Amino acid sequence: MSIATAPLAAVGHGFLSPTGVEIAFVLVGLATLGAALVTVTTKQLVHAALWLVVALGGIAVEYLLLTAEFIAWVQVLIYLGSVVVLLLFGLMLTKAPIGRSPDADSGNRWVALGVAGAAGAALVWVVVDAFRTTWIDLDGPAQGSTKVSGEILFQHWVLPFEALSVLLLAALIGAIVLSRRNTPAEEAADAAARTGKGQR
């Protein structure tokens, strides 16, 4: 059999012949990366929260492209429906400024950028090294189904799953505590009111 008559399936995948799903995956990934960069660089806290919605939504789309529908909807329900809403409520309860917040910026911008770049490079290297020769068969059985994901989650990832729930509970309690903290002027007014009632 000559090379010209060889079946196309024997040729295999390659970076020079991407499929439509792979192209969409790259484009959505670039959009998600851009939204994440805007999230950490904007000086308006509410805008940062809204751009975080875009970034987390892009990750959910990436899961859909990887045929992991269950994980994608968990991403939408938990992160978009809970974490971001909790963050917005925290901003409102703590009376955070709606406009630009120059005082929220830190002088360690370049140190943070270096740490983020090193962490990102390490993560990319680990993922590329682990999945260098792994290809996802989009025509095969779904790997992100509820059954498969549930077995992996509750057999191997029970402790991190429970730790995440405790972390979210701690964030909720912290938001409540911060919202109940009075300013010095309000505390002085409360003390004066209690003193006036005591004199009566």
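Note that the structure is predicted; figures quoted are calculated from it, not measured. All chains use their own residue numbering, which begins from 1 and follows the written sequence. The predicted origin of the model limits local features to residues at a pLDDT of at least 70 and limits the giving and counting of side-chain atom pairs to 80 or more, whereas totals for whole chains, interfaces and linings rest on all residues. With hydrogens and water set aside, each side-chain value is computed from the structure's full complement of heavy atoms.

Regarding its fold elements, the protein presents seven helices and zero strands. A sequence separation of at least 24 residues applies to 71% of the contacts in the protein between residues at least 6 apart. All accessible-area figures derive from a Shrake-Rupley calculation using a 1.4 Å probe, and residue coverage is judged against the displayed protein chains alone. When the accessible surface of the protein is summed, it comes to about 15,100 Å², and 72% of that surface belongs to carbon and sulfur atoms. Only runs of H or I of at least four residues qualify as helices and only runs of E of at least two qualify as strands under DSSP, and these elements are numbered from the N terminus. Only heavy atoms enter the contact rule, under which two residues are in contact if any of them lie within 4.5 Å.

This brings us to a nonpolar patch on the surface. On the surface, Ile-23, Phe-25, Val-26, Leu-27, Leu-30, Leu-33, Leu-37, Val-40 and Leu-66 cluster together to form a nonpolar patch covering roughly 830 Å² of accessible area. Its place among the elements puts Val-26 in helix α1 (residues 20–41). The cut-offs for exposure are 20% and 50% of the maximum accessible area for each residue type, with area from a 1.4 Å probe on protein chains only; residues under the lower value are buried, those over the upper are exposed, and the others partly exposed. A relative accessible area of 48% means that Val-26 is categorised as partly exposed. The patches described consist of residues with a relative accessible area above 30% and no salt bridge, like charges being joined within 9 Å and nonpolar side chains (Val, Leu, Ile, Met, Phe, Trp, Tyr) within 5 Å. Throughout this description, the term salt bridge denotes a Lys or Arg side-chain nitrogen within 4 Å of a carboxyl oxygen of Asp or Glu.

All right, on to the packing of helix α2 (residues 45–65) against helix α3 (residues 69–93) then. Helix axes are fitted to C-alpha atoms over the stretch in contact, other axes to C-alpha atoms as well, and angles between N-to-C directions run from 0 to 180 degrees. Packing of α2 against α3 brings their axes to within 8 Å, and their N-to-C directions diverge by 175 degrees. Between α2 and α3, the angle is such that the two are roughly antiparallel. On the side of α2, the interface is formed by Leu-45, Val-46, Ala-49, Leu-52, Val-53, Leu-56, Gly-57, Ile-59, Ala-60, Tyr-63 and Leu-64, while α3 contributes Glu-69, Ile-71, Ala-72, Gln-75, Val-76, Tyr-79, Leu-80, Val-84, Leu-87, Leu-88 and Leu-91. Polarity classes work like this: nonpolar for Ala, Val, Leu, Ile, Met, Phe, Trp, Tyr, Cys and Pro, charged for Asp, Glu, Lys and Arg, and polar for all others, with Gly in that last group. Among the residues forming the contact of α2 with α3, the class breakdown is 19 nonpolar, two polar and one charged. Angular relationships are summarised with four words: roughly parallel below 35 degrees, roughly antiparallel beyond 145, roughly perpendicular across 65 to 115, and oblique for the angles in between.

Right, let's talk about α3 for a bit. Under the convention used throughout, the expected extent of a helix is 1.5 Å for every residue step, that is, one less than its residue count. The terminal C-alpha atoms of α3, which comprises 25 residues, lie 34 Å apart, in line with the 36 Å expected from a rise of 1.5 Å per residue. Note that the bend at a residue is defined as the angle between axes fitted to the seven residues ending at it and the seven residues starting at it. Of all bends in α3, the biggest is about 25 degrees, found at Tyr-79.

We now examine the confidence of the model for the protein. As a per-residue quantity, pLDDT reports the predictor's confidence and falls between 0 and 100. The share of residues in the protein with pLDDT of 70 or more is 70%, and the mean pLDDT across the chain is 76. Element-level pLDDT for the protein is lowest in helix α7 (residues 184–199), with a mean of 65, against a maximum mean of 90 in α1. This stretch, residues 1–11, has a pLDDT under 50; its non-local contacts, to residues over four places away or in other chains, come to two contacts.

Moving on, we come to the side chain of Thr-32. On the secondary structure map, Thr-32 appears in helix α1. In this structure Thr-32 comes out as buried when scored by relative accessible area, which is 12%. Sequence-distant contacts of Thr-32, defined by excluding residues within four places in its chain, comprise Ala-55, Gly-58 and Ile-59.

This next bit is on the side chain of Gln-75. Here Gln-75 lies in helix α3. Only 3.3 Å separates the side chain of Gln-75 from the backbone oxygen of Leu-56, close enough to count as a polar contact. What Gln-75 contacts, discounting residues up to four positions off in sequence, is Leu-56, Ile-59, Ala-60, Tyr-63 and Leu-80. A 3.5 Å cut-off defines polar contacts: any pair of N or O atoms within that distance qualifies, except that in protein one atom must be a possible hydrogen donor and the other a possible acceptor, and neighbouring residues in sequence count only when both atoms are side-chain atoms.

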